[in-house]
Structures are given as structure tokens and as C-alpha cells.
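Structural characterization, general
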Amino acid sequence: MKGEPRVGVFVCHCGVNIGGVVKVPKVVKYTKTLPNVAYAEDNLYTCSEAGIDSIKDAIKKYDLNRVIVASCTPRTHEPLFRAACKEAGLNPYLFEMANIREQCSWVHPKEPEKATEKAKDIVRMAVARATWLEPQTEPEVKIRDSALVIGAGIAGMTAATTLANQGFKVHLIEKEKEIGGYVRRLYKLYPTMEESSEIIEPIIEAVKKHKNIELMTSTTIEEVSGYVGNFNVTATKKDKKIQLEVGTIIVACGGLNYQPPKGLYQYGIYDHVITQLELDQILKEGRLGKPERVVMIQCVGAKKGEIRGYELESFPKSDTAKLLKKILRAKKEEGWPYCSRICCMNAIKNAILIKTASPETDVIILYGDLRVYKEYEDFYSKARDLEVKFIKILEIVTPEVTETPDKKLKVLAYDMLAGKEAEFVADWVALSTPLVPHKDEVILARMLKIPISPDGFLMEAHLKLRPVDTMMDGIYLAGVASGPKDVPETITSAKAAAARAAILMANKKMKSEAIIAVVNEDLCKGCGRCEEVCEYKGIKLEEAEGALIAKVIEAQCKGCGVCAVTCPTGAISMQHFTNKQINVMIKAAIGG
Amino acid sequence: MEQPAVLVIGAGISGIQASFDLASRGIKVYLVEKSPSIGGRMAQLDKTFPTMDCSMCILAPKMIDCSHHPNVELLTYSEVKEVKGSPGNFTVKVVKKPRYVDISKCTGCGICVDNCPVEVTNEFDEGLGMRKAIYMPFPQAVPRAMTIDKENCIECGLCEKMCEAGAVDLEQKQEEIELKVGAIIVATGFDIFDPSQIPPYGYGRHKDVITALELERLLCASGPTGGHLVRPSDGKVPKTIAFIQCVGSRDRRHGNPYCSSICCKYAVKDAVLIKEHDPSARVCIFYIDLRAFGRGFQEFVNRAKTEYGIRFIRSNPGEITYDPETNGLSIWYEDTVTKKIENLKFDLVVLSAALIPRKDVGDLVKVLGIEVDPYGFLKSSSSISDPVDTTVPGIFACGYCLGPKTGDIPDSVSQGSAAASRAAEVIVGGK
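Moving on, we come to the overall build of chain B. Of the regular secondary structure elements, chain B holds nine helices and 23 strands. Taken over the C-alpha trace, chain B has a radius of gyration of 23 Å; the compact-globule value for 431 residues is 22 Å, and the two agree within 12%. Its C-alpha atoms give chain B principal-axis dimensions of about 75 × 55 × 35 Å. Every one of the 431 residues in chain B was classed for burial, and the buried ones make up 56%. Nonlocal contacts in chain B, meaning residues at least 24 apart in sequence, comprise 68% of its contacts between residues at least 6 apart.

Next comes the structure, spelled out in C-alpha cells:
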């Protein structure tokens, strides 16, 4: 970097988020007294177009060669401010962010004076680091224009055809013999009552015929290595090993219908206590006949805690698995905490099917809250028109199922509107159980290094704005893999995942972060500790001039820094987070 | 032949997502927005459930990313007037309404606003605050440029005199441009049901009966009260607040039979926000069914009950009465367990008003030749297998213009991406 550092500092009010606590003008005034600060100002919202333009103008006007925004978190806003620097001709790595919102105003709302002092400290530290920042170039990564789709249910098939229609090569892998997944087993779909085969068969046909889709059934994925744009996949079909090279991955592993443990509501003890999915099959095969009464119980195993048993034995014994076991074991005692979203409509659908085939049959749905959201309200009305009875029960009083002397089933539940326990004698009891994570999800999550959310499903990158992206570049989620969804929602998310994957593949390349490990070859003793600790296979020993030297695989390095702290000789440093940069921050913090 | 472009109508979060996904994969996008700024409804919200992310904080970077994208041509304050042609080859006429400000010159400095003598109610703040006749709807507006609302402008010319950039142009004329596109995505969003159609609730008569979107503006740091929750009648901090759910939803008599899908979730969020603003406040939600579906939401409701002490009453109140002596409100409701008529007193009542089709959606539907469902939302060509296809090939839809099937923000984003996929299939693959 030529010349003296000229730092520009932009202190954001963030409306009243920061400005309501921290005295921003005071921080600006103080900042102007710091060494190397050439310019400082405050903005109502630095992230507004006004703020961005102001940064760009100041870079030119005051010849700034470092920029600091003191505002919120780099996680959401650093890319924006870096881009502004770049547009003004400044290397984006000469930008630094000081978080005076999450780490200051939000946590000290009652102490404005002290918070203002703390904000000054945070800015002073950022200025200290900024003077030592260096320009970096982001390595360019080539992206292969082919995708792997894991799972050939309705989500995977939809994602695959959407990509294939745009000319991308798709490898669609299904571990079962048949494709079609969960939906293929269903009878009819709400709210149109179309047979599921009418929906799924055309999609299956399209997948089988498509010249850009290579379908592999009875195939399991063994290993995924590599990084965005360059994933290497090992799969096995029977005993045959298959190697694939793909640019992006869409996970569409689906979910399972929760199987109640034996004894829950007498499930597994009395033949006529069944799940809604089993009822679906019975209706499909026309085996229900004309019973006098069917009682349905909602939220069995969802929203509350009467779950016993979720099979975990098949998980590999590693740290990840142990951690997940903890989550799952807690669930074992407490039940799945979430609402499974589809069960209310599903129960109504089956109720309508029963009533249509046998109007004399009394159908009773016991529920806590009837979540027939959207326009499905009409569907609910239709069921009431058919005289399906909906009874709101007190959920904390778990209904009891027993057998009567004449081999019928008796359901005892607390009727909230009646304000007392009510008894229903039924021929069948159908349990509405939630969609739960597929156990493969744990294995896939570990293989692909994507996190699992507290509900047990795979986690998206951002709950609101990145619903189909994952934290790993180039890996996307479609369908129930990321939580319960009905068929239209699943199809939508699959098409969305395809759109996100297509961006990378259409561009054929992308820039990756320059925050990576760097090895000082003179100091490296070739001990290999770094290779052992790296989660991402981003560093490995290579022979050079007769000695072993650690080498960083740039595109695979995530810049986590584990190797740098492990290295006994201090040979590894982090680009953009050098020891010098951190040390001057510490000194600035303690006033040394 | 050059690759055809895509027209996206409506620049809320769904339209922004669709545009950004298409532009990022190399397809040219014309993003047409009727109002002066992009951002849509999400820009009006304070925080989003259940993560409590500040809505503008997560939206603003997206707005800027999208508008700065070299493949996105932004046409704000513009409307689509005519569409002809077929998939792969549509001809579209867009009318650019006169802003009376040259956006290439305006720096958004605000000198004109300071000098404008005309104050009118601010629609962005749901009428709770004021703005000038020359205005920018909100501080993070994109483009950052003023607009003159000619209906209220008295043409005093002060703004023109004061503007250092020479951006004010009171002679600006309406412009008509023609675009060639291969596919169209509609993302025009929703309107809010007017609760004054349910007279017993007294909306419009009692000042302290407000809609949830109005509350959102009152809670928002950039809103008319700077984020201080005060009641409209006397500016006092309300201590007891009630929410009434399903106002105009699930109501065949006054409103709409459908469930709006999001009101339970935002009401619980707003209730928690109120408790965070003022832990001593007492908050109560009157509901029919608590529809807390969606990731993380059941868990959020549990926290609202246990951690924040929000009270949930299962009842659909019949009437809100006003007591002039105490300036308080009483909600009359039937306790569905005891079957007795009860009443509770509140300082502020928030109505979770239904989301309804945009009032002007009919014009656009005619221009595009697409069909609507019985409620007036856009109809999918197949509600199960083609959720983002409209009834006309080559025209897709995303976001709440498709009705409550969309639900919340992640659904809108997913649909935006899904519509982008469908449009890309037409542009790149001819499907």
C-alpha cells in the first residue's frame, strides 16, 4: 500500500437503534482525533443509498485508502459496504466494520453514557486494525455446470427437471429402487382431491425421459469432498462405485411420517389404532368399509411432549452424532416441539374421503388449534358441510384410548367447549403424526457440513431471506429436508433451489473469500498438525525439495483459523486477520 | 439473436428476489414498480418473526444489491399499460409517471423537503405521520430521489428555487416506453382490509383502535413516533393492549372466508415486541385458532406464553365500546368455556386485519389476460403442481398477489426464486 493510511469513518445512527443510545455525534468528534483518520461523519442509515453514495464520494474527495463503517454486523452488511468501496476504486479488503449495535447499543440500552464510551473504544480498535489492512485478491473458482440432486421424491424430481430444462446436466440419486418418494404412496392430495398419481406420474415420466437427467436408483452417497463448483461425489450402487464431479448440490432427502411407538394411544396394540398415513392406504385400497365412527387425534407427537423413542442406533458414533443424539434424546422425552403444518389439512382430507364414501359414518376430529391456513378454510367448510365434527380439546390433557368389552375403541378427551371430559366410542382411531426429519439427514448434514436446526431438519442460511440456501456455498435445500411442507410448497421450494443453483452454474465461475490461511514455508516444519485439525480438508502436507510443507487449498479453506492456532511454530497466519492486525486492536482496546 | 429479457412487475421482497436471481444468472430484467421506491410491504415492518430481525436491516442490502445489478433496469413510479405477444416474445408498454424530479440529478439531500410548505398524511406510515408534498417515502428509499405529489402540490416553486442540483422539473411529462421481453413475473402484493367495514369494532371512530400495520409503524424506529409506542388519541403510553385476530379473515359476513395465513404469527411477534418495549405492559390476544405453523413458530408461541406472559383468550369479540371518561376501550367477548359474556378494559386495541387483493389488481389482470381466483388473487394454472404459473403461458407470479397460499416472507422469497426458475426455463430452455 502506497502512502500513509487515510482512514474514513462512517458512524451510523441506524435510526434510533444506535442513535437512541449512543451519542453518535460525540463518537464522530472523538474519531476525528484518532491517528490516521482523515475523515469522519455520521449517517442516519449508512446502508441507505444516501450512505453508500456518501462513502463513495468521500473516498474520492478525501483520498481515503481505508474505510470503516461503525454500525451493525458484518454478517449482513459487510458485502454491501465492500461493494461500495470497490465501486469507488478501493480494494474491498481495505474496508473494516465496527459493530456498535449488536455489541454496544442493543446490549446497553439503559446506559447511554457508558455505551457512548464503549462505542468510542470499538471505533478506536477498528481504526487501529484498519491502518494495517492490506489489499487482497479473491481467488476465482471455476464452477462445473452440472448438479447433483439427492433424493428423487417430488422435490428432487422437480429441482432436477427445472435445472435440466435450462440445459444443465443433472445427476439424480435415489437410494430406493423406485422414484417418487413420499407423495407416490399417498392416495389423494388436498385441496383439489386429485389422485397423487395424477400429479406425480407426469413428473416421473419427465425425469425418466429427460436427456439432461442421469437417474441413479438404489444408489447411496458415500462421500462428498471438494467445494463450491467442484464437488467430488462418491456413491455406490450395489457394489459398484460411482464417481461424480458436480458444481452444485441440491439436498432433497425428504422427511418421514412419525411412527408412534407401541402403546402411544394404544398404537401397535389395537389394530384399529392407525396413523393418518395408514388410513390413507386403507382408503386407497377401499378397505375401510362403513364404520359407525372414526375419531382422529391431531398433534400426536407434535407440539407437545408425549413422544417415546426415536431410533438412533444406526447413526455413526462420532462427535456430530453424539451432539445430535442429545438433541434427539431431549425430543424423546419432550416430543417434537414444532407444528408439522400439514396434518390439519391431511386429517380434513381423509375425513372428507370417509364422509363422501360413507355419509353415515360419524367422523370426529379432536384438535387443539385447527391450522387450516390459507384458502384451505374453504376445505374446512366443506368438511363441516359434510357434518364432520370438530371438537377442540384441552391439549395438556392427553386423550386416552381404551378398548370396550365389545372390542370397540373408547377415546376419552377433555372437550374445551363443553368444559368436561367427553367419551367417544369408535371403530377406528387415526393419529395425525408429524413429518419428522429423515435419519439420513444427520449423515448428509455431516457429509456436506451443513448445520441442523433445533427442530432436527437441515438449516437454511437465513430463516427469512435465504430459505433454500445453506451456509455452504453451492449447496441448496429443496422440500421437506428443511421442514414440513405440503406438495405445492415443496414444489415451490424445489424450483427456488434450482434457481439459486442455476446462478452459479450459468456464470461458470465465482469469486471466493480472500480470508484464508497462508503458510510461511520457512517456518513450517511439516508436522502435519494443521492437516489433522482442518474440518474442510483445506490444508495438506506436500513434498517440496525433499521436505514436507503444509499447503493451503485456497478454494477449500474457509478461513476459520483452526490451523493457525494449532501450528506449533507459528508458520500459519490468516490473511486479512494477521497477528499484527489483532495485536494492534488489543493494544488499542487496553490503551497500550 | 439476443437473449430475451424478463419483466418483473412489483418490487417488494418477492419481486426483488425474482429479479435478483434472474439478473445474477445473466438474464436482463426490467423491474417495474408503481410507487416511488422499491421495498414493498417489508419496508414498512418493524421486525420480522420469529427471529426478530429488524426488517429494514435485512431488506436494505437486498434492495441495493438488486438495484445496482448491471442486469436490472429499475423503472419506479411506472405502470404496465399494455401487453401483447406470447412466451418468448411479449411487447410491453410501460408508462413512466412524472415525478417532477429528475432522478439522475436529485441527490436526496432533502433541502426541498425542509422548504416545502405543504404537509399531507404519510401513506408509508399508514396515515399516522405527515410528509411533505415533495417527499421520499422512507430514508432507505431506492432510488434515493424525491417525488412531487402533484395532487397536493400548490406549485409555489420553492423546491425548484432551493434545489442546488437543479433536479426539480415541474414541467416533466408522462413518458411511454416499449419493452420486448420473453417472460413476465407478477409480484404486486396485497392490500389491507379496511376494518371500518366491521362497525362494532369502531375502527375509524375510536382513535385507539388501530390495525396491526399501523402498530408496526408505531413500533418502528423510523416510524412517526421514532419507535415509541404511544396511543394515537392522547400520546400516552398504553399499559394494556389487546389484539383481535381474524378481522376480515375467516369471516363470511364482513370480510373474506379465507385465513390470511400470517396474522397469528405477526400478532404474537408484535405482542412480544410490546413487552420488550415495556415489560410492565399487559398484552392479550383474542383468537379463534392459533395458527402458529412454520419453522420455529410453535416454539416462539411457547416463549410468548411462558417468558413474556402474553395472555391468549380463545374468543372472537363482538364489540369494542369507548368510555369517554377514562378514554379507555372495553372489549366484549364470550368466554367460550364458561359461555358467559365478559368484558376487559384496554388502552389500545390492535386489529389483525386481513390481507386482501390489491384494489387495482383488476386493471393489471385485464392487461395481462390472466385469471383470478374467487377472492380476486391471481390464479395458479395448477394449485398443486404449478404453483407459480398463472393461467397464461409465459406469465408467472410470486408473493402475496397469489393469495394467502404465500404466507410469510420466506414463502415470498421462495416463490420469487421459483418464478425466476420458471422464467429462466422459458428464456433459456424454451419451456
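On we go from here.
Helix and strand counts for chain A stand at 17 helices and 30 strands. If you line up chain A on its principal axes, its C-alpha atoms span 95 × 60 × 40 Å. When burial is assessed residue by residue, chain A has 48% of its 592 residues classed as buried. Taking all contacts inside chain A whose residues are at least 6 apart in sequence as the whole, residues at least 24 apart take part in 70%.

Residue-level contacts link 66 residues of chain B with 60 residues of chain A. For the side of chain B that touches chain A, the secondary-structure elements that each account for two or more residues are helix 1 (13–24), strand 4 (53–54), helix 2 (55–68), helix 7 (297–306) and helix 9 (409–429) of chain B. Top element by residues in the side of chain B that touches chain A is helix 9 of chain B. It accounts for 14 residues. Residues that form the side of chain B that touches chain A fall into these classes: 29 nonpolar, 23 polar and 14 charged.

Next up on the list: the pairing of strand 6 (residues 146–150) of chain A. All names here are of chain A. Within strand 6, four of the five residues are buried, leaving the element largely enclosed by the surrounding structure. Pairing analysis gives five bridges linking strand 6 to strand 7 (residues 169–173), with the strands arranged parallel. Counted as the bridge partner of Leu148 is His171 from strand 7. In this fold, strand 6 hands off to helix 6 (residues 154–164), which returns the chain to strand 7; that crossover is right-handed.

Residue and element names in this part refer to chain B. Spatial ordering of the open sheet is given by 18-19-20, a layout of three strands whose pairing is antiparallel. The outermost strands of the open sheet, each flanked by one partner alone, are strand 18 (319–323) and strand 20 (341–346). Strand after strand, the sheet turns through a mean of 25° between neighbouring axes, direction not considered. Across five bridges, the pairing between strand 18 and strand 19 (residues 328–334) is antiparallel. Residue pairing in the sheet places Thr321 in a bridge with Ser330 of strand 19.

Next up on the list: the packing of helix 1 (residues 24–31) of chain A against helix 5 (residues 112–130) of chain A. All names here are of chain A. Between helix 1 and helix 5, the least distance of the axes is 10 Å, while the angle of their chain directions is 35°. Crossing hand, helix 1 versus helix 5: right-handed. Together, Lys26, Val27, Tyr30 and Thr31 of helix 1 and Thr116, Ala119, Lys120 and Val123 of helix 5 make up the contact between the two elements.

We now examine the sheet that holds strand 15 (residues 240–247) of chain B. Residues and elements named next belong to chain B. Within the open sheet, the five strands sit side by side as 14-21-15-16-17. Their pairing is parallel. Each edge of the open sheet is held by one strand with a lone partner, namely strand 14 (209–211) and strand 17 (311–314). Within the sheet, the average angular offset between the axes of one strand and its neighbour, ignoring direction, is 25°.

Our next topic: the domain arrangement of chain B. Residues and elements named next belong to chain B. Domain annotation of chain B identifies domain 1 (5–97 + 174–189 + 358–429), domain 2 (111–162) and domain 3 (194–354). With centres defined by C-alpha atoms, the gap from domain 2 to domain 3 works out at 32 Å. Taken together, the six residues of domain 2 in the interface contact eight residues of domain 3. Tallied by class, the residues present in the side of domain 2 that touches domain 3 amount to three nonpolar, one polar and two charged.

This next bit is on unusual backbone geometry. Residue Pro50(B) is reached from Phe49(B) by a cis peptide bond, and omega for that bond is -15°. Note on placement: Pro50(B) falls in the loop between strand 3 (47–48) and strand 4. For the peptide bond that leads from Val142(B) to Pro143(B), omega is 0°, which places it in the cis range. Unlike most non-glycine residues, Tyr265(A) shows phi in positive territory, near 55°. Here Tyr265(A) is to be found in the loop between strand 15 (255–257) and strand 16 (273–275).

Residues and elements named next belong to chain A. Here helix 9 (residues 276–284) crosses helix 11 (residues 343–357) at 30°, and the two axes come no closer than 11 Å. Regarding the angle of helix 9 to helix 11, the classification is roughly parallel. For helix 9 against helix 11, the interelement crossing comes out left-handed. Note on element contacts: helix 11 touches helix 9 through Asn346, Ala347, Asn350 and Leu353, opposite Gln276, Leu279, Asp280 and Leu283. Of the residues belonging to the contact of helix 9 with helix 11, the class tally is four nonpolar, three polar and one charged.

Attention shifts here to helix 9 of chain B. All names here are of chain B. Taking 1.5 Å of rise per residue, the 21 residues of helix 9 would be expected to cover 30 Å, and the 29 Å separating its terminal C-alpha atoms lies within 8% of that figure. Buried residues dominate helix 9, accounting for 20 of its 21 residues. At the C-terminal side of helix 9, Gly430 shows a positive phi close to 70°.

For the rest of this paragraph, the subject is the environment of Gln556(A). All names here are of chain A. Note on placement: Gln556 falls in the loop between strand 29 (547–552) and helix 16 (562–566). For the pair Gln556 and Lys60, spaced 496 residues apart in sequence, the C-alpha to C-alpha distance is 36 Å. For Gln556, the contacting residues outside a window of four places in its chain are Tyr227, Tyr536, Lys537 and Gly538.

Attention shifts here to the confidence of the model for chain A. Residue and element names in this part refer to chain A. This prediction gives chain A a mean pLDDT of 90; 94% of its residues lie at or above 70. Between residues 305–320, whose pLDDT stays under 50, and residues either more than four places distant or in other chains, the model counts 27 contacts. Within the model, pLDDT remains below 50 along residues 329–334, and this stretch shows nine contacts once partners closer than five positions in the same chain are excluded.

Within chain B, residue pLDDT values average 94, and 100% of them lie at 70 or more. If you check the scores for this complex, the pTM reads 0.90 and the ipTM reads 0.94.

Let's shift gears to the nonpolar core. Of all hydrophobic cores here, the largest spans 315 residues; its most connected members are Ala70(A), Val251(A), Val429(A), Ala478(A), Val6(B) and Ile185(B). Broken down by element, the residue count for this core peaks at 12 residues, all from helix 14 (residues 487–507) of chain A. Excluding anything up to four places from it in sequence, Val6(B) contacts Leu22(B), Ile27(B), Val29(B), Val181(B), Gly182(B), Ala183(B), Ile185(B), Ala423(B) and Ile427(B). By size, the runner-up hydrophobic cluster in this structure holds 14 residues, among which are Ala517(A), Cys524(A), Cys534(A) and Cys557(A).

About the cut-offs
- Residues numbered from 1 in each chain as written.
- Chains lettered and ligands numbered in written order.
- Predicted model: local features only at pLDDT ≥ 70, side-chain atom pairs only at ≥ 80, totals over all residues.
- Helix = DSSP H or I, 4+ residues; strand = E, 2+ residues; numbered from the N terminus.
- Rg over C-alpha atoms; globule rule 2.2 N^0.38 Å.
- Buried ≥ 20, exposed ≤ 12 C-beta atoms within 10 Å, placed from the backbone.
- Contact = placed C-beta atoms within 7 Å.
- Nonpolar A, V, L, I, M, F, W, Y, C, P; charged D, E, K, R; others polar.
- Pairing = 2+ DSSP bridges.
- Right-handed = clockwise from strand over helix to strand, strands pointing away.
- Axes fitted to C-alpha atoms, helices over the stretch in contact; angles between N-to-C directions.
- Left-handed = near helix turned anticlockwise from the far one by under 90°.
- Domains from an automatic or database assignment.
- Parallel < 35°, antiparallel > 145°, perpendicular 65-115°, else oblique.
- Expected span 1.5 Å × (residues − 1).
- pLDDT = per-residue confidence, 0-100.
- Core = buried A, V, L, I, M, F, W, Y, C linked by C-beta atoms within 7 Å.

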